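What follows is the residue order along each chain.
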Amino acid sequence: MKRQIILLIVAVCLIGLAFGQTSKRTGWGFGGVPALNYNADEGFGYGVVAEFYNYSTGGYSPYYYSIQPTIFFTTGGKQAHTIFFDTPYMLGEGYRLNAELRYNKEEYNPYYGIGNNTVFDEKIIDEEDSVHYINKHFYTHQRERISFKINLQKAFTTHPDGKPLFSMLVGLGRITTENKMDSDSSRLLQDLRAGVVSQKEIDGGFSNYLKLGLIHDTRDNEPAPNSGHWIDLVGEI
C-alpha cells in the first residue's frame, strides 16, 4: 500500500481576496498557496496553487471570471498541472461556463494485474532479498494523461438578486492516456507476454463523455456561505 506523509501545507499570500466586498471591486485580484508534500514512492513534492480574479467594472459577485492554474512536481518525476477557467457572467445573465485542462504524469503508477486473483509478492521488490528480488518497480508502469472538460449551466429560476437558484448543466469531456513499461522486468510486461493484456491496451487511447445534470443552489454567499445549500444530480454517459 502506498504510504504518503503530508509534511507541510502553508496557506499564504491571500492577496486582495475580500470576497465579502466583491460587488465593489474592479479590475484584478489574485492569491496563491504553495503546495509541499512527501511521498515514499515519488519523493518531495513542490508546486503552487494560484488564483486570478477579474471583476471587470464592478458589480459582479463572486467575480466576472477567474483563472486558476496549479503547477506541481515531485523529485520522483510526477507532474500534475491544471488550469481552470470559470465565468458566471461572460455569456450573459443566467449562464455560467467553466472549463478545465489537466496534465498528469506518473513515473510509478501501480499495476498488480487484472482481476481479483492477482498475487502481490513483496519479495520481488525487496532489494535485500538477493534470491527473489527482481525490480523495486516491478509493480509499476509509466502513465501520462491529458484531460479536458467544459461545463455550461443555464438558470431557469433565480434569487431576487439575479443569482441562479435552479439550473440545468450540460458538459462534455475527453481523456487521453498513454502507458509505458518502466523496465524489461515488470508485472505489466509479464501480462503482455502471457496475453492477459494487449499492446493496444498498454499504448492507451482516449475516451469521451457527456454530462447532464440539475443544480439547486440556495447559498447566500458563494465563496463563503453562511446559510443555504448546493445540491446537484449529475449523470455521465
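Owing to the predicted nature of the structure, the values given are computational and were not obtained by experimental measurement.

What counts and what doesn't
- Residues numbered from 1 in each chain as written.
- Predicted model: local features only at pLDDT ≥ 70, side-chain atom pairs only at ≥ 80, totals over all residues.
- Heavy atoms only, no water.
- Helix = DSSP H or I, 4+ residues; strand = E, 2+ residues; numbered from the N terminus.
- Polar contact = N/O pair within 3.5 Å; in protein donor to acceptor, adjacent residues only side chain to side chain.
- Salt bridge = Lys/Arg side-chain N within 4 Å of Asp/Glu carboxyl O.
- Buried < 20%, exposed > 50% of the residue type's maximum accessible area, 1.4 Å probe, protein only.
- Patch = residues over 30% accessible without salt bridge, like charges linked within 9 Å, V, L, I, M, F, W, Y side chains within 5 Å.
- Areas by Shrake-Rupley, 256 points an atom, 1.4 Å probe, with all protein chains shown as cover.

1. Looking at the side chain of Glu100
Within the secondary structure, Glu100 sits in strand β6 (residues 95-110). Separated by 3.2 Å, the side chains of Glu100 and Arg102 make a polar contact.

2. Concerning the pattern of salt bridges
Oppositely charged side chains can form a pair if their charged atoms are brought close together. Considering all chains together, one arrives at ten salt bridges under this definition. Glu106 is the salt-bridge partner of Lys78, the closest N and O atoms lying 3.6 Å from each other. Taken as a pair, Lys78 in the loop between β4 (65-74) and β5 (79-87) and Glu106 in strand β6 lie far apart in primary sequence, 28 residues in all. Taken individually, Lys78 and Glu106 each receive the classification buried, so the pair is uniform in this respect. For Asp121, the salt bridge is made with Lys123, and the minimal N-O distance between the two is 3.2 Å. Of the residues examined, Lys123 reaches a relative accessible area of 37% and is grouped as partly exposed.

3. Describing a nonpolar patch on the surface
The grouping of Phe156, Phe166, Met168, Val170, Leu172, Leu210, Leu212, Leu214, Leu233 and Ile237 at the surface amounts to a nonpolar patch, some 930 Å² of accessible area in total. For the nonpolar patch, the elements supplying multiple residues, two or more each, are β8 (164-181) and β9 (205-217). Per-element accounting of the nonpolar patch gives the leading share, four residues, to β8. Structurally, the position occupied by Met168 is in strand β8. On the accessibility criterion, Met168 (35% relative accessible area) is partly exposed.

Note that all results are geometric; they support no functional claim without further evidence.
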